[in-house]
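Structural features, examined
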Amino acid sequence: PFFRKFYSSLVSFQLKQWYQRRVAITAGGTEPGKVVLKKFANQETNVEIGESVRGEDVYIIQSGCGEVNDHLMEMLIMIHACKIASAERVTAVIPCYPYARQDKKDKSRAPISAKLVANMLSVAGADHIITMDLHASQIQGFFDIPVDNLYAEPAVLKWIKENIENWRECTIVSPDAGGAKRVVSIADRLNVNFALIHKERAVANEVQRMTLVGDVTDRTAIIVDDMADTCGTVVMAAERLKEAGAKKVYAVMTHGVFSGPALERLLNSCIEAIVVSNTIPQHEKIAICPKIQAIDVSSIIGEAIRRTHNGESVSYLFGNVPL
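Each value, and the rule that gives it
Residues numbered from 1 in each chain as written. Predicted model: local features only at pLDDT ≥ 70, side-chain atom pairs only at ≥ 80, totals over all residues. Heavy atoms only, no water. Helix = DSSP H or I, 4+ residues; strand = E, 2+ residues; numbered from the N terminus. Contact = heavy atoms within 4.5 Å. Areas by Shrake-Rupley, 256 points an atom, 1.4 Å probe, with all protein chains shown as cover. Salt bridge = Lys/Arg side-chain N within 4 Å of Asp/Glu carboxyl O. Buried < 20%, exposed > 50% of the residue type's maximum accessible area, 1.4 Å probe, protein only. Axes fitted to C-alpha atoms, helices over the stretch in contact; angles between N-to-C directions. Parallel < 35°, antiparallel > 145°, perpendicular 65-115°, else oblique. Left-handed = near helix turned anticlockwise from the far one by under 90°. Nonpolar A, V, L, I, M, F, W, Y, C, P; charged D, E, K, R; others polar. Core = buried A, V, L, I, M, F, W, Y, C linked by side-chain atoms within 4.5 Å. pLDDT = per-residue confidence, 0-100. Pairing = 2+ DSSP bridges. Expected span 1.5 Å × (residues − 1). Phe/Tyr/Trp six-rings, centres within 6.5 Å; stacked < 30°, edge-to-face > 60°.

Our focus in this paragraph is the overall build of the protein. When you go through the protein residue by residue, the secondary structure sums to 9 helices and 15 strands. For the protein, restricting intrachain contacts to residue pairs at least 6 apart in sequence, the fraction spanning at least 24 positions comes to 63%. Carbon and sulfur atoms make up 50% of the accessible area of the protein, which amounts to about 15000 Å² in all.

The next subject is the pattern of salt bridges. Considering all chains together, one arrives at 11 salt bridges under this definition. Notably, a salt bridge pairs R89 with D57, separated by 2.9 Å at the nearest N-O pair. Of this pair, R89 sits in strand β6 (residues 89-94) while D57 is found in strand β5 (residues 57-61), placing the two residues 32 residues apart along the sequence. Residue D57 is classed as buried on the basis of its relative accessible area, which comes to 0%. Across the pair D103 and K104 runs a salt bridge, and its minimum N-O distance is 3.6 Å. Owing to a relative accessible area of 13%, D103 belongs among the buried residues under this scheme. When salt bridges that share partners are traced, they join E303, R306, R307 and E312 into one network.

The geometry of helix α4 (residues 153-163) relative to helix α5 (residues 180-190) is characterised by a closest axis approach of 11 Å and an angle of 50° between their N-to-C directions. Judged by the inter-axis angle, α4 sits oblique to α5. As for the relative orientation of α4 and α5, their crossing is right-handed in sense. Residues E153, V156, L157, I160 and K161 of α4 pack against R182, S185, I186, R189 and L190 of α5. Of the residues in the contact of α4 with α5, the class split is 5 nonpolar, 1 polar and 4 charged.

Looking now at the nonpolar core. If you look at the biggest cluster of nonpolar residues, it comprises 35 residues, and the most contacted ones within it are L150, I160, I172, L190 and I222. The greatest single-element share of this core, amounting to 5 residues, is contributed by α4. Once residues lying within four places of it in the same chain are set aside, the contact partners of I160 are W167, L190 and I222. M78, V90, V117 and A118 belong to the second-largest nonpolar core, a separate cluster that totals 29 residues.

One non-glycine residue, S86, lies in the positive phi region at around 70°. Relative to the assigned elements, S86 resides in the loop between α2 (68-84) and β6. For S86, a relative accessible area of 32% puts it in the partly exposed group. In this structure, Y99 takes a positive phi of about 65° despite not being glycine. Locating Y99 in the fold gives a position in the loop between β6 and α3 (113-124).

This part covers the confidence of the model for the protein. Per-residue confidence for the protein gives a mean pLDDT of 88, with 88% of residues at or over 70. Confidence scores differ between elements of the protein, with helix α1 (residues 13-27) showing the lowest mean pLDDT of 53 and α3 the highest of 97.

Going residue by residue along strand β8 (residues 147-150), you find V147 and N149 tucked away on one face and D148 and L150 tucked away on the opposite face as well. By the bridge criterion, 4 bridges tie strand β7 (residues 128-132) to β8 in an arrangement that is parallel. What sits directly across from T131, in β8, is N149.

The end-to-end C-alpha separation of helix α6 (residues 232-243) is 17 Å, in line with the 16 Å expected for 12 residues at 1.5 Å each. Buried within α6 are the following residues: G232, T233, V234, V235, A237, A238 and L241. Following α6 by one or two positions, G245 has its phi on the positive side, about 105°.

With that out of the way, let us pick up the side chain of N46. Its place among the elements puts N46 in strand β4 (residues 45-49). Exposure remark for N46: the relative accessible area of 17% places this residue in the buried category. Once you skip the residues sitting within four places of it in the chain, N46 turns out to touch V36, L37, K38 and F40.

Before going further, it helps to spend a moment on the packing of aromatic side chains. All told, the structure shown has 3 aromatic pairs when counted by the stated rule. When the centroid spacing of 6.1 Å and the interplanar angle of 75° are considered together, the rings of Y97 and F143 count as edge-to-face. One end of the pair, Y97, is in the loop between β6 and α3; the other, F143, is in the loop between β7 and β8, and 46 residues separate them in sequence. Relative accessible area serves as the criterion here: at 7%, F143 is assigned to the buried category. Ring geometry for Y151 versus F318: centroids 5.5 Å apart, planes at 70°, classification edge-to-face. Taken together, the residues span a long stretch of sequence, with Y151 in the loop between β8 and α4 and F318 in the segment after α9 (298-310) at a distance of 167 residues. The class for Y151 is partly exposed, based on a relative accessible area of 30%.

What follows is the structure, given as structure tokens:
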């Protein structure tokens, strides 16, 4: 068997620690990789792997957040460095896949950037991808290498049951038509009602009008989506649900990007709490906005790493949170 090595850039250092700790607990220990990341004066990224990776099983952890382009380039260079140093297998662990929303040609001359990122990862030398809650599951088809798209749904269900009183009387709400499948799945597993909000955008990231399909009168509404970016959509959806008679409104998102005016919008909104996973580090944003709560998914991704290394099935993780 080859050894495990974990590498990450500074933005994902906390993520690396979480996943590494999980693997150490379940598999009897693992080693952090030695790597130096720096930039030249002209802002080119330079990576130096500080140890031999010949014949080893390497996991490179990087999430698509912060300065996305720089972080993507760091990961690509790191994958390439390990591959040409004769690593047996290189797995890219990408909790939040960058450019995932650009997954289709939705207007003339639009790029399919998610496919381009897939090509770049493959060409760099990645042998396997581990990610979580892709914006569209079909992105897996952009790759010619194995992709494990894990789900935060088990952790979300656990949070709802443990933190929302009378959760059996709640309604799960999708803020757009694209998230209907995700919402129906959660509503079925909780055995509760669901509703849908139809939105019309004037321009990208700005919603013009919202129409509610479903009943939330005197019920707790839980908005579920895969990503919270500028939070314009989720705040408008919460206001629409309040107008429709909802008692309380919660929001549950897998990836909390929180860019631009997101935190200010949340602080001034009627949302009781917005719950996100730690696919993107959230400690700084939680300090600014107390409405943000983080679900720890390191057990899911860490267990996926352990099972991948040992050649075990990961399908158990699609419906369960590891202990």
